[in-house]
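Architecture at a glance
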Amino acid sequence: LIFKNKNENKKAYKHIMIESLVTKKHIKAWKHFLKSKKEIMVIFEDDAICNKDTEKRLKDFFVKMKGFDFNNIYIDLAGGLNLEDVIPDRLIKKSNNEFLLLDGLFTNTACSYLINRNLTKLLYEEYQKSKSNSYFPIDHLINKLGLKITQNILSIHFHNPLFTHGSFKGNIKSWQIY
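Read on for a plain summary of the structure. Throughout, residues of each chain are indexed from 1 in the direction in which the sequence is written. Note on the predicted model: pLDDT of at least 70 is required for a residue's local features to be given, and 80 or more for side-chain atom pairs to be given and counted; whole-chain, interface and lining totals, by contrast, use all residues. Each side-chain value is derived from all of the structure's non-hydrogen atoms; neither hydrogens nor water enter the calculation.

Things to note about helix 4 (residues 117-129)
Heads up, the condition is: Where helices and strands are cited, they refer to DSSP runs of H or I of at least four residues and of E of at least two residues respectively, numbered from the N terminus. One less than the number of residues in a helix, times 1.5 Å, gives the span that helix is expected to have. The buried label applies to any residue whose accessible area, calculated with a 1.4 Å probe on protein chains only, is under 20% of its type's maximum; exposed applies above 50%, and partly exposed to all values in between. In this description, contact between two residues means that some pair of their heavy atoms is separated by no more than 4.5 Å.
Taking 1.5 Å of rise per residue, 13 residues should cover 18 Å, and helix 4 covers 19 Å from first to last C-alpha, within 8% of that figure. Where helix 4 is concerned, the buried positions are Arg117, Leu119, Thr120, Leu122, Leu123, Tyr124, Glu126 and Tyr127. For helix 4, the elements touching its buried residues are helix 1 (6-35), strand 1 (40-44), strand 3 (73-76), strand 6 (112-116) and helix 5 (138-148).

Topic: the sheet that holds strand 1
Going by this rule: Here, strands pair whenever DSSP counts at least two bridges between them. Axis definition: a line fitted to C-alpha atoms, limited for helices to the stretch in contact. Angles are taken between N-to-C directions and run from 0 to 180 degrees.
As summarised here, the arrangement of the six strands in space is 1-6-3-7-5-4, forming an open sheet in which the pairing is mixed. A strand with exactly one partner marks an edge of an open sheet, and here the two such strands are strand 1 and strand 4 (92-95). Adjacent strand axes in the sheet meet at a mean angle of 15°, parallel and antiparallel pairs treated alike.

Overview of the nonpolar core
In plain terms, the rule: Nonpolar core, defined: a set of buried Ala, Val, Leu, Ile, Met, Phe, Trp, Tyr and Cys residues in which side-chain atoms within 4.5 Å join the residues together.
Within the largest apolar cluster, 21 residues are counted, with the highest numbers of intra-cluster contacts made by Trp30, Tyr113, Leu119, Leu123 and Ile142. Only helix 1, strand 1, strand 6, helix 4 and helix 5 provide two or more residues apiece to this core. At five residues, the largest contribution of residues to this core is made by helix 4. Setting aside its immediate chain neighbours within four residues, Leu119 contacts Asn71, Asn72, Ile73, Tyr74, Leu105, Ile149 and Ile153. Formed by 16 residues, the second largest nonpolar core is a distinct cluster that contains Phe61, Ala78, Phe99 and Cys111.

Side note on the packing of helix 1 against helix 5
Note the following rule: Each angle receives one of four descriptions, namely roughly parallel if under 35 degrees, roughly antiparallel if over 145, roughly perpendicular if within 65 to 115, and oblique otherwise. Residues are grouped as follows: nonpolar covers Ala, Val, Leu, Ile, Met, Phe, Trp, Tyr, Cys and Pro; charged covers Asp, Glu, Lys and Arg; every other residue, Gly included, is treated as polar.
The N-to-C vectors of helix 1 and helix 5 enclose an angle of 55°; their axes lie 9 Å apart at closest approach. Relative to helix 5, helix 1 is oriented oblique. Along the contact surface, helix 1 presents Val22, Thr23, His26, Ile27 and Trp30, while helix 5 presents Ile138, Leu141, Ile142 and Leu145. Along the lines of polarity and charge, the residues of the contact of helix 1 with helix 5 split into seven nonpolar, two polar and no charged.

Put into structure tokens, the structure is as follows:
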């Protein structure tokens, strides 16, 4: 990295190292989950915030999911950037007033997500093939690994996320601004 001054170099290096640590924590959670017998995992970063209606909406969503038969599922629970700005139209399989259903793996941010065992296994296997990927921010890594998976994947993104991504909404001071 070559910037105008040493402060920019230090800031960029610090940012990359922190992103790498966050990514490694997600990878460690995947590995730990795969050692368990559980079928789904929910990841919460420290800036995921419950809303007043989170509990009810989450319970309602789990009731709706009982009828689903899916092999590889990723559900973004906290959002982040505006969906219309970051999700390519070609990936949208279905859209209603509650959520977008995407064909393939695409994450907006990785603040909070639900993922099933099979997809976690596929992501972890792809990650193992190239550990240099740990320097990617976790959301970029998930998207990159997802492109390599040839099996069908379903991603769900809520228009009004179940949790608030605190760093995006100003509820929590992000490490990225230091």
